[in-house]
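Read off the chains here:
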Amino acid sequence: MTTAAFIPAAIGVLLTAEPRAKAAAARALAADWRAGRLAAPTLAAPTLAAPTLAAPTMMATPADGGAAALPLRPARPERPVLLPPSRMPKRGRGGSVASRVRLLHALAHIEFNAIDLAVDMAVRFGAEIDADETVCRRFVDDWVGIADDEARHFGLVADRLEALGAAYGDLPAHDGLWEAAMATAHDMTGRLAVVPMVLEARGLDVTPDMIRRLDDFGDTASADALRVIYRDEVGHVAAGLRWLTHVAAARGTTARALFHDRVRRLFPGRVKPPFNADARARAGMVPEDYEPLAEIRDQTAHPQA
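Since we're looking at a predicted model, the values are computed, not measured. (Residues numbered from 1 in each chain as written. Predicted model: local features only at pLDDT ≥ 70, side-chain atom pairs only at ≥ 80, totals over all residues. Heavy atoms only, no water.)

**Quick look at the packing of helix 6 (residues 188-216) against helix 7 (residues 220-250)**
Part 1 of the argument: Packing of helix 6 against helix 7 brings their axes to within 8 Å, and their N-to-C directions diverge by 155°. Relative to helix 7, helix 6 is oriented roughly antiparallel. The handedness of the crossing between helix 6 and helix 7 comes out as left-handed.
Part 2 of the argument: Across the contact of helix 6 with helix 7, the residue classes tally to 19 nonpolar, 7 polar and 4 charged. (Axes fitted to C-alpha atoms, helices over the stretch in contact; angles between N-to-C directions. Helix = DSSP H or I, 4+ residues; strand = E, 2+ residues; numbered from the N terminus. Parallel < 35°, antiparallel > 145°, perpendicular 65-115°, else oblique. Left-handed = near helix turned anticlockwise from the far one by under 90°. Nonpolar A, V, L, I, M, F, W, Y, C, P; charged D, E, K, R; others polar.)

Have a look at this one:
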């Protein structure tokens, strides 16, 4: 079987701007990886200064000689217009069609960004996670699978927007999720702590109430889409914890100690209660993991992934 290099294929997803095309590219990447049509990543870990929002968009050249470079920012469509989080309109409770459109548009934006977050995790850190190639492949297995999930989630929510007469891009959105990615671009443990274990875990806290409200307002189809997302997010949070635990053991520390340290240094805000302790427990998290971080003073807000 002829195999192509994983890194250029993954970067191709990151450099795809049109939302439906990005989702399709992520799903194709996952299918090719699972079928053994892509060779394992060989990207050397970058040794660059921590990026700022003004940093160049291209940051690391693949060690396997690929022509593409790993983008600090993935390609984005012209719409939605990106606003600061403080200027974003409220999502609404979901009682009217317009309110449900605002809610679903915000979720579509989260899922769209989550595709890139998962692909970037796999390509940026896939060769850094461990010296054992088998372990590296398992890491890529997890995050390519999560990218596939996020692409499927985006499709579910985008379909619901279209059923309500709207489309992703019709409303403004913000760049908070990718700002979190940029802040952790040079710290694998920071990325594992902030993205799956804070941002996605926040989704476990807030999604049940959204599902209940959509059911109450008679939008069972949208509620069903969120039920799929909620179920899958448990596994995404668990993957973050599993790999942070792996790195912590190799460094002679604990996942909890690494998690607390990285969140306090790299996440600008607090881990907000109330917590869905049951769903977090199914992902392997216990209150001692997250409750101490609720004491951190808010600085800015990030959505769930």
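**Quick notes on the packing of aromatic side chains**
Part 1 of the argument: Inspection of every chain in the model, using the stated rule, returns 7 aromatic pairs.
Part 2 of the argument: Arranged with centres 5.5 Å apart and planes meeting at 85°, the rings of F154 and Y168 form a pair that is edge-to-face. Of this pair, F154 sits in helix 4 (residues 133-163) while Y168 sits in the loop between helix 4 and helix 5 (176-183); the two residues are 14 residues apart in sequence, bridging distant segments of the chain. For the pair F154 and Y168, a shared accessibility class is recorded, and that class is buried.
Part 3 of the argument: Pairwise contacts between aromatic rings join F112, F154 and Y168 into one cluster.
Part 4 of the argument: Its guanidinium or amino end placed over the ring of W178, R76 lies 6.0 Å from that ring's centre, counting from NZ or CZ.
Part 5 of the argument: Lying over the aromatic face of Y290, R280 brings its terminal NZ or CZ to 4.5 Å of the ring centre. (Phe/Tyr/Trp six-rings, centres within 6.5 Å; stacked < 30°, edge-to-face > 60°. Buried < 20%, exposed > 50% of the residue type's maximum accessible area, 1.4 Å probe, protein only. Lys NZ or Arg CZ within 6 Å of the ring centre and 35° of its normal.)

**Comments concerning the pattern of salt bridges**
Part 1 of the argument: Evaluation of the coordinates by the stated rule reveals 29 salt bridges.
Part 2 of the argument: Taking the shortest distance from any N to any O, the salt bridge between D32 and R37 comes out at 2.7 Å.
Part 3 of the argument: R37 gets classed as partly exposed once you look at its relative accessible area, which sits at 37%.
Part 4 of the argument: With a closest N to O distance of 3.0 Å, R100 and D219 form a salt bridge. Of this pair, R100 sits in helix 3 (residues 97-125) while D219 sits in the loop between helix 6 and helix 7, and the two are 119 residues apart along the sequence. Like D219, R100 is buried.
Part 5 of the argument: Via salt bridges that share partners, D149, R152, R231 and D232 belong to a single interconnected network. (Salt bridge = Lys/Arg side-chain N within 4 Å of Asp/Glu carboxyl O.)

**Some details on the side chain of D149**
Part 1 of the argument: Tracing the backbone shows D149 in helix 4.
Part 2 of the argument: The exposure class of D149 is buried, given its relative accessible area of 17%.
Part 3 of the argument: Apart from the residues lying within four places of it in its own chain, the contact partners of D149 are D232 and H236. (Contact = heavy atoms within 4.5 Å.)

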